[in-house]
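Okay, here's what each chain looks like letter by letter:
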Amino acid sequence: MEKEVEIASQPQRRKGGLVTMPFIIANEALATVATIGLQPNMILYLMGNYKLHLSRANQILMLSSAASNFTAIVGAFVADSYMGRFLVVGLGSIIIFLGIALLWLTAMIPQAQPPPCNPATERCKSATTGQMALLISSFALMSIGNGGLSCSLTFGADQVNRKDNPNNQRALEMFFSWYYASSAISVIIAFTGIVYIQDHLGWKLGFGVPAALMFLSTFFFFLASPIYVKNQTHGSLLTSFARVIVVAYKNRKLQLPPKNSAGMYHHKKDSDVVVPTDKLRFLNKACFIKDREKDIASDGSASNPWRLCTIDQVEELKAIIKVIPLWSSGIMMSLNIGGSFELLQAKSMNRHITSHFEVPPASLVVIMVFTIFIWVALYDRVIIPLASKLRGKPVRINAKRRMGIGLFFSLLHLVTAAIVEATRRRRAIREGYINDSHAVLNMSAMWLVPQLCFIGLAEAFNAIGQNEFYYTEFPRTMSSLASSLVGLGMGVGKLVSSLVFKIVENVTSRGGKEGWVLDNINKGRYDRYYWVLASVSSVNILYYLVCSWAYGPTADEVYKLTHENCSNGEDLTKLMNGVQDDKVSYASEEIGPKEKE
């Protein structure tokens, strides 16, 4: 009995924290190597082994990529509303493994592919319906699994984002930075190691290694299951959003009480938010208590959830609406000519490092990935510690500002690319290669390094900043949805790029003229195309500045203000008089017990 009392009195081990990071980052890193490593040569596999035409093979890969972007949003809603992030990430890892394993079987089993072409007649049999179904199923499984795995970033942030951690924001910043650094290393390994295996050792081993890596990824994730923080779900977000809109519309003629009338609004028992924020105030009518006896049940919940919502539900919908303008400014990050042009551009330049070694044109993208990794390391280990030491207090660049810096580097990338392409084209004309796009110019491919470095810095600032911004600004019940917004922006950016490409092609070739967009890049005017994109990027930066100003201070800025001043004994209510009301609620949630007392 004494032993039982002694055991019961012992404090339980705190879950989460940095000890979980190796398992979560290993899961993501191995999965990235496995999935990214399949992409570069997949077009060759479809055209060579499955005898598909280029257009059909491209269509399959584009649809697969689009499906992955869509399932990321679905996975986020499922994680936040029903299953929780742990189960969604775990199931996503398993499903991706099954998809890669199925793809590996298509290479291992001869009957899964069309037979080799007849060398005598040069006729090739097309893939049967069953063979194509097996192949498409593998892509479908990987796309579905990606929807679950995309929540791993948020799940990892949950482990370090604890209210009892005095360095909460710094821990989050470190996690996001090193998460992206590990992803960058994984991409480098995928573009070199996995591609090399496929090129030199064949598809059987080239698909088998990613399958094995994905198995290890799943194993390491579940290995640390007992020490993970596993947040609870809070019901369907879509249903919650619908209820807020419906109830706010029903109550549209009601007059709201004065600000800070805490007793007039319905909130959860365990919620620290007792007053809705002031922005988008018309939605506050959804949580306004008209008649306490009729609207509130004996247990404190709403008698009819379609007649009265909680403050938390209202704030969740507000969070989505408020962030849309800033989110839309990040779409420009994915607006470009397209990877095919950059590949042709690099192919037309001298890529020899030595007389015997030539860099493959597709491998130059590694420079961008290296830039991301080097910047993250310098920022986290050199710049921030040195700046903090010089100023005598913790220094950091907040997430919203980093998003803006990333957009500026994106503009520099486009301007540099326009100048380099104009120089390359003039060199091609001077050397007499205007009609020969396959000729290699007497111009080093190292000219492309500055623009690759700029786009790497743009990604390092903007993408990491966006993820941290969404995670800290959204209520915790929406964290998975927050982490999927960057991917959604990339998907929209690809669609916009395709639309801009078509518009430029049609406008510049109007009237039978030779347009800017040509198969022969020496005759085309891609330098002018880059200047068009740079002009759009300039306007987008102004748009971002307006959106950033309209959004106001972020939650971490308000928290820093309240934390510093409350520790000096200043009254919280007085302090917030000069700060926007819509940030008070969530900032106060992050203040630990000592500060609240």
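Shown above is the structure to which this text applies.
Within every chain, residues take consecutive numbers counted from 1 along the sequence as written. In keeping with the predicted nature of the model, local features appear solely for residues at pLDDT of at least 70, side-chain atom pairs appear and are counted solely at 80 or more, and the whole-chain, interface and lining totals rest on all residues. Where side-chain values are given, they derive from all heavy atoms of the structure, hydrogens and water being excluded.

## Focus on helix α7 (residues 152-160)
We apply this condition: Relative accessibility thresholds used throughout: buried, under 20% of the residue-type maximum; exposed, over 50%; partly exposed, between the two (1.4 Å probe, protein chains only). Runs of H or I in DSSP of at least four residues are treated as helices and runs of E of at least two as strands, each being numbered from the N terminus.
The buried fraction of α7 amounts to nine of the nine residues, a majority that puts the element mostly inside the structure. Restricting attention to buried positions, one finds in α7 the residues Ser152, Leu153, Thr154, Phe155, Gly156, Ala157, Asp158, Gln159 and Val160.

## Some points on the packing of helix α5 (residues 85-108) against helix α6 (residues 129-149)
Between two packed helices, what matters for the description is the angle formed by their axes and the separation of those axes. How we decide: The axes are straight lines fitted to the C-alpha atoms, using for helices just the contacting stretch, and the angles between their N-to-C directions are given from 0 to 180°. Orientation is classified from the angle alone, with under 35 degrees giving roughly parallel, over 145 giving roughly antiparallel, 65 to 115 giving roughly perpendicular, and any other angle giving oblique. Left-handed describes a crossing whose near helix is turned anticlockwise from the far helix through less than a right angle; right-handed describes the clockwise counterpart. We call two residues contacting when some pair of their heavy atoms lies within 4.5 Å.
Running from amino to carboxyl end, α5 crosses α6 at an angle of 160°, the nearest separation of the two axes being 7 Å. The pairing of α5 with α6 is recorded here as roughly antiparallel in orientation. The handedness of the crossing between α5 and α6 comes out as left-handed. Facing α5, whose interface residues are Val88, Val89, Gly92, Ser93, Ile95, Ile96, Leu98, Gly99, Ile100, Leu102, Leu103 and Thr106, α6 presents Leu134, Leu135, Ser137, Ser138, Leu141, Met142, Ile144, Gly145, Asn146, Gly148 and Leu149.

## Focus: the pattern of salt bridges
Heads up, the rule is: Salt bridge, as used here, is a side-chain nitrogen of Lys or Arg placed within 4 Å of a carboxyl oxygen of Asp or Glu.
Under the criterion given, the structure shown has four salt bridges. The closest approach of N and O atoms between Lys318 and Glu315, which form a salt bridge, is 3.4 Å. Taken as a pair, Lys318 and Glu315 lie in helix α12 (residues 311-329) at a separation of three residues, close to a single helical turn. As far as burial versus exposure is concerned, Lys318 and Glu315 are alike and both buried. Between Glu421 and Arg424 there is a salt bridge whose closest N-O contact spans 2.9 Å.

## Comments concerning the state of the cysteines
What counts is decided by this rule: Pairs of cysteine sulfur atoms within 2.5 Å are what we label disulfides.
Enumeration according to the criterion identifies zero disulfides in this entry. No disulfide involves Cys309; its sulfur sits 7.8 Å from that of Cys287, the nearest cysteine. Residue Cys309 is classed as buried on the basis of its relative accessible area of 0%.

## Here's the deal with the packing of α5 against α7
This is how it is decided: By the convention adopted, Pro, Cys, Tyr, Trp, Phe, Met, Ile, Leu, Val and Ala count as nonpolar, Lys, Arg, Asp and Glu as charged, and the other residues, Gly among them, as polar.
Between α5 and α7, whose axes approach to 9 Å, the crossing angle comes to 140°. Classed by the angle they form, the pair α5 and α7 counts as oblique. When the axes of α5 and α7 are compared, the crossing they make is left-handed. Contact residues: Arg85, Phe86 and Val89 in α5; Ser152, Thr154, Phe155 and Asp158 in α7. Here the contact of α5 with α7 is built from residues that sort into three nonpolar, two polar and two charged.

## Some remarks on the packing of aromatic side chains
The condition that has to hold: Each Phe, Tyr or Trp ring, with Trp reduced to its six-membered ring, pairs with another whose centre is within 6.5 Å; inter-plane angles below 30 degrees give stacked pairs, above 60 give edge-to-face pairs, and intermediate values give tilted ones. Distance and angle both matter: a charge sits over a ring if NZ of Lys or CZ of Arg is within 6 Å of the ring centre and within 35 degrees of the ring normal.
Under the criterion given, the structure shown has 22 aromatic pairs. Judged by centre distance (5.4 Å) and plane angle (35°), the ring pair of Trp203 and Phe207 falls under tilted. One end of the pair is Trp203 and the other is Phe207, both in helix α9 (residues 203-223) and four residues apart, which spans about a single turn. In this pair, the class of Trp203 matches that of Phe207, namely buried. An aromatic cluster is present here, built from Trp375, Tyr379, Phe408, Phe409, Phe454 and Phe461 joined pairwise through their rings. Across from the ring centre of Tyr249, 4.1 Å away, lies the NZ or CZ of Arg252, which sits over that ring. The ring of Tyr551 carries Lys279 above its face, with NZ or CZ at 6.0 Å from the centroid.

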